[in-house]
Amino acid sequence: MSKKAKILLVISGLFTLAMGLSNVFVNIFIWKNSNDFVVIAKYNLMHYIFVPITFILGGWITKSKNGVWSLRVGITFFVVFFLLILTFKESILNYIYPLGVLFGIAAGFYWVAFHVLSFDFTSTDNRDTFNGFNGSVAGVCGAIAPITSAFIIARNNSKGYTIVFAMSLAIFVVLILVSLLLKSKEYYGKKLDFHCVLRAHCNGWKEIRRSIAVWGIRDVVIGFLISILLFKTAGTELAVGKLSTLAALVMSCAYIAEQKLIKPKRRVFSMHMGAILMFIGVLGLVIKINYGTLLFYILVDALFLPFFMVPLSSASFNVVNRNHEEDLRIEYVINKEIALNTGRIASTVLLILLLSYIKYDRVLNYFLLFIGSAQLVSIFFLRKLRIWNQ
């Protein structure tokens, strides 16, 4: 990989470390102050609404300058987000919506830049390698972060949250400095093609977009639910931190195994294996949500998610390469993010409606089954692509 790709991996690792320290515990902090899944769902819904909107703005900045500019803007917004978290503290429930919006804006700028720079700094020959290493680096950082936060909170009680959020803030300040080392070619004022942003239709892209939208139904929605359910079941942040660390280590090893074992001709097998076993992992939660079924789900998901995600991540870029539309890569990245967050929004709105209007103890069990099967539908669309043997 090029030096630029390696610096991007460092940025990705630090970003994962900062988010790993605090992201799960922001949701738990909100839960401890509200004891309400709907409040947390609304906070996350703001993310999913404003991420694609910001992707368009970030894409416009990237297209007129380069991806590094959007990256720095996103990191700066994360700095502001954590400054406000530290300012509001226990009164956070009064600012759920603006904080959710701010997080969505920060994530939108960051991720549009990361996706575009990942495309620019890799090729079809080493993209799987980059994605595999990125998953591995993220896994290691993700393993260190939650257990560190959990121990800090366990030893310092409510002050622990302040320390954890301050640590994330400090890492984002460091990230601003690291981003100064990253250089990218200027695009010299090229205009964003809004038609492509909203309706990208190169050969195979319709299947990519549909598969991504369906995957979005599951994606991070199941993540914040599992974290809160684990805290509710185990009763301590330390238990959440320990299991999050274990899951991150397992996932890191799985990303390495995927990179070593799965060659281009085995991508379809890899996706099917990952999707089916991830679905098996969620079945225990339908029967009963307890520590044992949550542990089984977390470990199975960590082990087999990479076998689904690496081929999916590479497929979208490779479709663009195959159609020789690299000049529109920013538009395709935005188009994909709109599809992903459409799924996330639909899933979160459904969760809010179910919890608000259906008074049934097992509604969450069946909702987890529904979103936990999304990757099986996503596979249906991915199989139609003609890139798997290339």
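The shown structure was predicted, so the numbers you read here are calculated from the model rather than taken from an experiment.

With respect to the overall build of the protein chain
The helix and strand tally for the protein chain stands at 14 helices and zero strands. Listing every helix and strand of the protein chain by position from the N terminus yields α-α-α-α-α-α-α-α-α-α-α-α-α-α. In summary, the protein chain has a C-alpha radius of gyration of 20 Å against a globular reference of 21 Å for 390 residues, a match within 12%. A principal-axis box enclosing the C-alpha atoms of the protein chain has dimensions of 50 × 40 × 40 Å. Within the protein chain, buried positions represent 57% of all 390 residues.

Section: the side chain of S70
Looking at where S70 falls in the secondary structure, it is placed in helix 3 (residues 67-88). Sequence-distant contacts of S70, that is, excluding residues within four places in its chain, are made with G58, I61, T62, F109, Y110, V112 and A113.

Structural notes on the nonpolar core
Here is a general trend for soluble globular proteins: nonpolar side chains tend to be buried in one another's company. Of all hydrophobic cores here, the largest spans 132 residues; its most connected members are F78, F165, F172, L182, L225, F308 and L368. Contacts of L225, omitting those with residues within four sequence positions, involve F37, L351, L364, F367, L368 and I371.

Notes on unusual backbone geometry
A positive phi angle is found at N35, which is not glycine, with a value near 55 degrees. By the secondary structure assignment, N35 is in the loop between helix 1 (3-34) and helix 2 (37-64). The class of N35 is exposed, set by a relative accessible area of 56%.

Topic: the pattern of salt bridges
Taken as a whole and assessed by the stated rule, the structure comprises five salt bridges. Its salt-bridge partner being K63, residue E331 comes within 3.2 Å of it at the nearest N-O pair. With a gap of 268 residues between them, E331 in helix 12 (residues 329-357) and K63 in helix 2 connect regions that are remote in the sequence. Using a relative accessible area of 0% as the deciding quantity, one classes E331 as buried. Using a relative accessible area of 5% as the deciding quantity, one classes K63 as buried. Beyond isolated ion pairs, a larger network of salt bridges with shared partners links D219, E337 and R344.

Focus on the state of the cysteines
Summed over the entire model, instances satisfying the criterion amount to zero disulfides. Left unpaired, C253 is separated from the closest cysteine sulfur, that of C141, by 14 Å.

As for the packing of aromatic side chains
Applying the stated rule across the entire model yields 23 aromatic pairs. Both rings, one in F78 and one in F103, keep their centres 5.5 Å apart while their planes meet at 80 degrees; by these two values the pair is edge-to-face. Residue F78 is found in helix 3, and its partner F103 is found in helix 4 (residues 96-120); the two are separated by 25 residues along the sequence. By the burial criterion, F78 is buried, and F103 matches it. Aromatic side chains W215 and F308 sit 5.0 Å apart centroid to centroid with 40 degrees between the ring planes, which places their arrangement in the tilted category. In this pair, W215 is assigned in helix 8 (residues 205-234) and F308 in helix 11 (residues 291-322), connecting sequence segments 93 residues apart.

Details of the confidence of the model for the protein chain
Overall, the predicted model of the protein chain reaches an average pLDDT of 87, with 96% of residues at or above 70. Here helix 7 (residues 194-199) stands out as the least confident element of the protein chain, with mean pLDDT 79; helix 13 (residues 363-372) is the most confident, with 94.

Quick look at helix 14 (residues 374-382)
Residues of helix 14 that are buried include every one of A374, Q375, S378, I379, F381 and L382, and no others. Across the axial projection of helix 14, the buried residues extend over an arc of 160 degrees, all falling on one side. If you follow the buried residues of helix 14, they end up packed against helix 8, helix 10 (267-287), helix 11 and helix 13.

The rules we used
Counting restarts for each chain, with residues numbered from 1 along the sequence as it is written. Given that this is a predicted model, residues contribute local features only at a pLDDT of at least 70 and side-chain atom pairs are listed and counted only at 80 or more, while totals for whole chains, interfaces and linings are drawn from all residues. Calculation of side-chain values draws on the structure's entire complement of heavy atoms; hydrogens and water are dropped beforehand. Only runs of H or I of at least four residues qualify as helices and only runs of E of at least two qualify as strands under DSSP, and these elements are numbered from the N terminus. Here the globule rule reads 2.2 Å times residues to the power 0.38, and the radius of gyration is calculated from C-alpha atoms. Exposure categories follow from relative accessible area, calculated using a 1.4 Å probe and restricted to protein chains: below 20% of the type maximum is buried, above 50% is exposed, and the middle band is partly exposed. By definition, residues are in contact when any of their heavy atoms lie within 4.5 Å. Within this scheme, the nonpolar core is defined by two criteria: the residues are buried Ala, Val, Leu, Ile, Met, Phe, Trp, Tyr or Cys, and they are joined through side-chain atoms within 4.5 Å. The term salt bridge refers to a pairing of a side-chain nitrogen on Lys or Arg with a carboxyl oxygen on Asp or Glu at a separation within 4 Å. By convention in this document, the label disulfide applies to cysteine sulfur atom pairs within 2.5 Å. Centre distance within 6.5 Å is the pairing criterion for rings of Phe, Tyr and Trp, where only the six-membered ring of Trp is used; planes under 30 degrees apart are then read as stacked, over 60 as edge-to-face, and the remainder as tilted. The predictor attaches a confidence to each residue, and that confidence, scored 0 to 100, is pLDDT. To be clear, the arc concerns the directions from the helix axis to the C-beta atoms.

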